[in-house]
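So you can see what is in the structure, the chains are spelled out below.
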Amino acid sequence: MGSNMPIIKRRERHLCILQSAMAILILISLLLLSAPAASELEVTGIIGESVLLSCDLNSSTAIDTARLRFHWQDKSEKVLYSFNKGEENQHQDNLYTNRTKAFGSEMSSGNISIKLSQVTLQDKQTIYWAFATLFDENGNSIFERTKVCPTTLHVAARFPTPSVTVNKTNMNATCSTQGGYPQPVVTWTIQDVLLAQNRTLDPWKVQTNITLDSESGLYTVWSQVNLTENQTVTCRIFNPVLRETVSNTTIVSPGQSINTDPAGEVQEGFTPGIIGGIITIFIVICLGGIFIVRKKGCGASGGTMEVEGNNHQGNGSGETEFLARCRQAPDNLEAD
């Protein structure tokens, strides 16, 4: 009797271990069932465009659409689209009027996807589900699918290619664009043309202002950096939802000057070469005028000379005397 006690205790211990293992398996199964479905989708819609909310019932046989009923609804339980044995949108919410469309020719294969058009900012982060029921010939439910194909919608708007203008008076470059969503990330890259060095500027070296338009809900970007000549500057606008970048590049060289007027229009400025040439021509003209005036006034009182008519009409002795005096003293251009 005493010899059987260890065996009984071992069996009890094994049974306890087995029961514990089964309890753990049941707990894991419950957790898996309560966890979000692995088929959850995240889609991105462009503001003003259409986006697909896809769902397939994975039916092994053809479905008679006359016995099919399904609808889509959002997290607020507003109905986007409804299909009831051939009738559409009997219970559609006004928010989605004229914005949804199903694919009737593909319903028989189990495709109950819909297209949501005219995506708006109000649609962002919304979760959509589909509910489907199939009936037999007697109107009895064969199967039901509730909250299938959960889909989270992200919205975005593309930023246009930014404009980059250079002001050589203040030696800075300005980058601007507007009409995108969500808030972007702005970076500047500068390449030294002479040294062939390419570097991305630290945020503290960049002055950036990103504002949200209260009416459209879209963002406007303005950014500025200081620069020097012989540099290539690139402004990049990164959209974190679309994961795309738009950029623009300009070259800053001594022979070019681009200024921005208060209206924002880009105007070609005067280059240093042109300004220097104008000044040089002006100086030459002035010096030439002074020289001519002084030449004409050689030997006359006050630097000017009036010639009487008889000096030109006579034997020319007056003009000859004048020329002789100038040849004798070419450096003395002032009157006695």
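Residues numbered from 1 in each chain as written. Predicted model: local features only at pLDDT ≥ 70, side-chain atom pairs only at ≥ 80, totals over all residues. Heavy atoms only, no water.

Some words on the pattern of salt bridges
Then step 1. Here the structure, examined in full by the defined rule, presents four salt bridges.
Then step 2. Across the pair Arg67 and Asp64 runs a salt bridge whose closest N-O atoms are separated by 3.6 Å.
Then step 3. Classification of Arg67 by relative accessible area gives partly exposed; the value is 25%. (Salt bridge = Lys/Arg side-chain N within 4 Å of Asp/Glu carboxyl O. Buried < 20%, exposed > 50% of the residue type's maximum accessible area, 1.4 Å probe, protein only.)

A look at the environment of Phe135
Then step 1. Tracing the backbone shows Phe135 in strand β8 (residues 126–135).
Then step 2. The class of Phe135 is buried, set by a relative accessible area of 8%.
Then step 3. C-alpha of Phe135 to C-alpha of Asp64: the two residues are 71 residues apart in sequence and 9.2 Å apart in space.
Then step 4. Those residues in contact with Phe135 that lie beyond four places of it in its chain are Arg67, Arg69, Lys85, Asn140, Ser141 and Ile142. (Helix = DSSP H or I, 4+ residues; strand = E, 2+ residues; numbered from the N terminus. Contact = heavy atoms within 4.5 Å.)

Looking at a nonpolar patch on the surface
Then step 1. Taken together, the side chains of Val193, Leu194, Leu195 and Ile251 define a hydrophobic patch exposed on the protein surface, amounting to about 420 Å² of accessible area.
Then step 2. Given a relative accessible area of 45%, Val193 falls into the partly exposed group. (Patch = residues over 30% accessible without salt bridge, like charges linked within 9 Å, V, L, I, M, F, W, Y side chains within 5 Å. Areas by Shrake-Rupley, 256 points an atom, 1.4 Å probe, with all protein chains shown as cover.)

Describing the pairing of strand β10 (residues 163–167)
Then step 1. Within β10, four of the five residues are buried, which leaves the element mostly enclosed by the surrounding structure.
Then step 2. Pairing of β10 with strand β11 (residues 172–180), which is carried by five bridges, proceeds in the antiparallel orientation. Along β11, the bridge assignment pairs Val164 with Cys175.
Then step 3. The antiparallel pairing of β10 with β11 creates a hairpin that spans four residues between the two strands, and Met171 there sits at a positive phi of about 55 degrees. (Pairing = 2+ DSSP bridges.)

Considerations on the state of the cysteines
Then step 1. All chains considered together, the criterion is met by two disulfides.
Then step 2. Residue Cys175 pairs covalently with Cys235 via a disulfide, S to S 2.1 Å. Taking the sign of the torsion about the S-S bond as the criterion, the disulfide between Cys175 and Cys235, at about -70 degrees, is left-handed. Placement of the pair is Cys175 in strand β11 and Cys235 in strand β16 (residues 231–239), with a sequence separation of 60 residues. (Disulfide = S-S within 2.5 Å.)

A few points about the confidence of the model for the protein
Low-pLDDT portions of the prediction should not be read for the details of their coordinates.
Then step 1. Of all residues in the protein, 64% have pLDDT values of 70 or greater, and the mean over the chain is 75.
Then step 2. Across residues 290–336 the pLDDT falls below 50, and counting only partners more than four positions away or on other chains, this stretch makes 21 contacts in the model. (pLDDT = per-residue confidence, 0-100.)

Thoughts on the side chain of Asp74
Then step 1. Within the secondary structure, Asp74 is located in strand β3 (residues 68–74).
Then step 2. We note that Asp74 is buried and unpaired, the nearest opposite charge coming from Lys78 at a distance of 5.7 Å.
Then step 3. A distance of 2.9 Å separates a polar atom in the side chain of Asp74 from the backbone nitrogen of Ser76.
Then step 4. For Asp74, the contacting residues outside a window of four places in its chain are Leu80, Tyr96, Thr126, Ile127, Tyr128 and Trp129. (Lys, Arg positive; Asp, Glu negative; His and termini not counted. Polar contact = N/O pair within 3.5 Å; in protein donor to acceptor, adjacent residues only side chain to side chain.)

Re the packing of aromatic side chains
Then step 1. Throughout the structure, instances matching the rule amount to three aromatic pairs.
Then step 2. Seen in terms of ring centroids, Phe70 and Phe83 are 5.5 Å apart; in terms of plane orientation they differ by 25 degrees. Their pairing is stacked. Taken as a pair, Phe70 in strand β3 and Phe83 in strand β4 (residues 79–84) lie far apart in primary sequence, 13 residues in all. Phe83 carries the same exposure label as Phe70, and that label is buried.
Then step 3. Linked through ring pairs, Phe70, Tyr81 and Phe83 together constitute an aromatic cluster.
Then step 4. Geometry around Trp129 places Lys147 over its ring, the cationic atom sitting 4.6 Å from the centre. (Phe/Tyr/Trp six-rings, centres within 6.5 Å; stacked < 30°, edge-to-face > 60°. Lys NZ or Arg CZ within 6 Å of the ring centre and 35° of its normal.)

Structural notes on unusual backbone geometry
Then step 1. The linkage connecting Tyr181 with the following residue, Pro182, adopts the cis geometry, with an omega of -5 degrees.
Then step 2. Within the secondary structure, Pro182 sits in the loop between β11 and β12 (185–192).
Then step 3. In this model, Cys149 sits at a positive phi of 55 degrees, which is unusual for a non-glycine residue.
Then step 4. Positive phi, normally seen in glycine, also occurs at Arg243, with a value near 55 degrees.
Then step 5. With respect to the element layout, Arg243 can be found in the loop between β16 and β17 (244–252).
Then step 6. Taking relative accessible area as the criterion, Arg243 reaches 64% and is therefore assigned exposed.

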